[in-house]
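Observations on the model geometry
Chain residues, written in single-letter form:
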Amino acid sequence: MIDYEVIVIGAGVAGIYQIKRLVDLGVKAVVLEGSPDLGGTWYWNRYPGCRFDSESYTYGYSFSRELLDEWHWKEKFSSQPENLRYLNHVADKFDLRRHMQFNSRVDAASYDEAENIWRLTLSDGRTLTSRFVVMTLGLLSMPTLPRLEGMDRFEGPSFHTYNWPHEGVELAGKRVAVIGTGATAIQVIAEIADKVGDLTVFQRRPNWAAPLNNSRISQEEMADIRGRYDEIFATCARTPGGFEHEPDRRGFWEVSREERLKLWDRLYDEPGFGIWLRNFREIFTDEAANAEFSEYIADRIRRRVKDPEVAEKLIPRDHGFGVQRVPLETYYYEAYNRDNVHLVDISETPIVSVTERGLRTTERDYDFDIIVYATGFDAITGAFDHIEIQGVGGEKLGEKWKDGPSTFLGMMISGFPNLLMPAGPQSGSASTNYPRGIETGVNWCTELLKYMWAHGLERAEATRAAEERWTRHVTEMYAMMLMRKAKSWFTGYNSNVAGHEQGRIRYFVYNGGAPKYVNTITKVAQSGYEGIVFGPSDEPGRSGRSEERLAV
Ligand code: NAP
């Protein structure tokens, strides 16, 4: 007898919704979570300034009217403590905690062909079995540190932003180093600049950033939002990114430069990703259009940073605006106008080692009290690589995905039956407003399970041909995008992970936009799941074994 019909791995935004759907169906299911509590990204990332760039009311789950009606988002772009409170509220409201096991890290998952079950080995020594495994591991849940000589030598506190100490860090009067200038660093730097004694930012490559323009949400505004939820989610469903932002459908070259400038001036002052996603579509695909817009943003940076030399260092030269994930910021550039904030360009003077007292570059030694590594993640497939996953015939997923993932719809893998990934590599989630994408993925996976249970099917596997078709489709879409050239987690770049250094592009995300993705996966379901081979129960009369499947 198997332990569970479904084991979900990971209790973040996706895992919480997945278990809700399974519990509602009365299925015997559990979530295994390696961390001490639920929340995923929002459990771990506790660095100052941590918040999302999605409009809060488009980030919440849409599945419960009651939940929508009772939750008051306090800010247009909500911060980590509030987001974690929200996820806890959801779990408590729907009594989901009793279906979750914390400190339960899965080390290995292996498919037993003869029994048609998954066998999971946990780091606490337990082995659990299930018919299905749903991987909701997080896109950015494997933090990566630099590979610097002497990292253990530093005598003060040093940590990755993902592991920011939960008890908080005393910053007043401290000399702090931040390594990295990605979305995370840009939030931390802006937030702590006026709280520390001295802040030195070690920048290898600048990122294009634009203002978040955050604000509080009053009771009246929240009441208005509640009245418009249907409309809001309908808009999110028809936009490529799953946001309220709809691209400007006029041709970049068809309007005058004055018109373009008028649009950009307006977008720069508007909240959220409008500057990226309400822009002309050519900025993603046309070098010349992108260059003109990038120059506009460069001028904005020059206007905000007083020291012209520092301003020039903060302007990216190796990629255009928006071809990497755009960080949104609040007084980031102004931080560099402070006397206590210094920028070190480590493309000129690289860090050579960590010393007892700080950092050594090729130019000089720096003394610090605290070192913060804002150095990013082994994105998208990193969390999969940390579990030894074996499919049919002992095939190792790590081996299969060595040069990059291949999937069917980003949710299934040929050779790995009954393994589902609602927000997997090449699915619609990574490149969209995440919760909108995961609701789509979780719903599709749950409907597949319901279909199987209704038809007495116990084994589902994507065919090799279907997987090859999907992966080719995802790959071909990169060809149209300027982002294919970017050193970014969207292309699998991470200088700290062997094999992920720039040069070998990994086709991680689906670039066709949410509506097209939803359309495609819906058609697959409607066709009776073309591309998936089903197996019935191998024992006559046992099909659908509802007494085992259902929670008692
Ligand atoms: P990231 O974008 O990958 O940035 C990592 C930074 O660290 C880069 O500036 C990188 O420089 C630098 N770096 C890495 N290794 C280094 C080394 N060995 N020496 C020197 N510098 C090094 O990671 P992130 O900032 O954590 O953001 C990741 C993603 O998380 C974002 O793109 C976003 O999707 C998400 N996020 C979202 C929010 C939000 O919603 N507001 C906030 C934070 C993060 P190079 O570029 O030269 O490699």
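Here the structure is shown first, and the text comes after it.
Described below are features of the structure shown in this document. Quick caveat, the model's predicted, so the values are computed rather than measured. (Residues numbered from 1 in each chain as written. Predicted model: local features only at pLDDT ≥ 70, side-chain atom pairs only at ≥ 80, totals over all residues. Heavy atoms only, no water.)

**With respect to the overall build of the chain**
- A count of helices and strands for the chain gives 19 helices and 20 strands.
- The C-alpha radius of gyration computed for the chain amounts to 24 Å, which stays within 12% of the reference 24 Å derived for 552 residues, consistent with globular compactness.
- C-alpha extents for the chain along the principal axes are approximately 75 × 60 × 50 Å.
- Each of the 552 residues in the chain was classed as buried or not, and the buried ones make up 59%.
- For the chain, the proportion of contacts with a sequence separation of at least 24, taken over those separated by at least 6, is 72%.
- For the chain, the exposed area adds up to about 22100 Å²; of that, 48% sits on carbon and sulfur atoms.
- Of the charged side chains in the chain, 66 are positive and 80 negative, and the gap between their average positions amounts to 2 Å. (Helix = DSSP H or I, 4+ residues; strand = E, 2+ residues; numbered from the N terminus. Rg over C-alpha atoms; globule rule 2.2 N^0.38 Å. Buried < 20%, exposed > 50% of the residue type's maximum accessible area, 1.4 Å probe, protein only. Contact = heavy atoms within 4.5 Å. Areas by Shrake-Rupley, 256 points an atom, 1.4 Å probe, with all protein chains shown as cover. Lys, Arg positive; Asp, Glu negative; His and termini not counted. Charge placed at Lys NZ, Arg CZ, Asp CG, Glu CD.)

**Describing unusual backbone geometry**
- A positive phi angle is found at asparagine 116, which is not glycine, with a value near 55 degrees.
- Taking the relative accessible area as the measure of exposure, asparagine 116 reaches 8% and is therefore buried.
- In this structure, glutamine 426 takes a positive phi of about 70 degrees despite not being glycine.
- On the basis of relative accessible area, glutamine 426 is assigned to the buried category, the value being 0%.

**Examining the sheet that holds strand 7 (residues 158-160)**
- The strand order 7-16-8-9-12 describes an open sheet built from five strands, whose pairing is parallel. Taken across any chain shown, the strands that pair with only one partner, and hence form the sheet edges, are strand 7 and strand 12 (341-345). Direction aside, the axes of adjacent strands within the sheet are offset by 20 degrees on average. (Pairing = 2+ DSSP bridges. Axes fitted to C-alpha atoms, helices over the stretch in contact; angles between N-to-C directions.)

**A word on the site of the ligand**
- The ligand sits among 25 residues. The nearest are Thr184, Arg204, Arg205, Trp489 and Tyr493.
- The separation between an oxygen atom of the ligand and a polar main-chain atom of alanine 374 is 3.2 Å.
- Contact distances for the ligand include 2.7 Å between an oxygen atom and a side-chain N or O atom of tryptophan 489.
- Its free accessible area being 910 Å², the ligand has 86% of it covered by the protein chains.
- At three residues, helix 6 (residues 183-192) tops the list of elements feeding residues into the shell around the ligand.
- For the shell around the ligand, the per-class residue count stands at eleven nonpolar, nine polar and five charged. (Near = heavy atom within 4 Å. Polar contact = N/O pair within 3.5 Å; in protein donor to acceptor, adjacent residues only side chain to side chain. Nonpolar A, V, L, I, M, F, W, Y, C, P; charged D, E, K, R; others polar.)

Remember, this is a structural readout, not a statement about activity or role.
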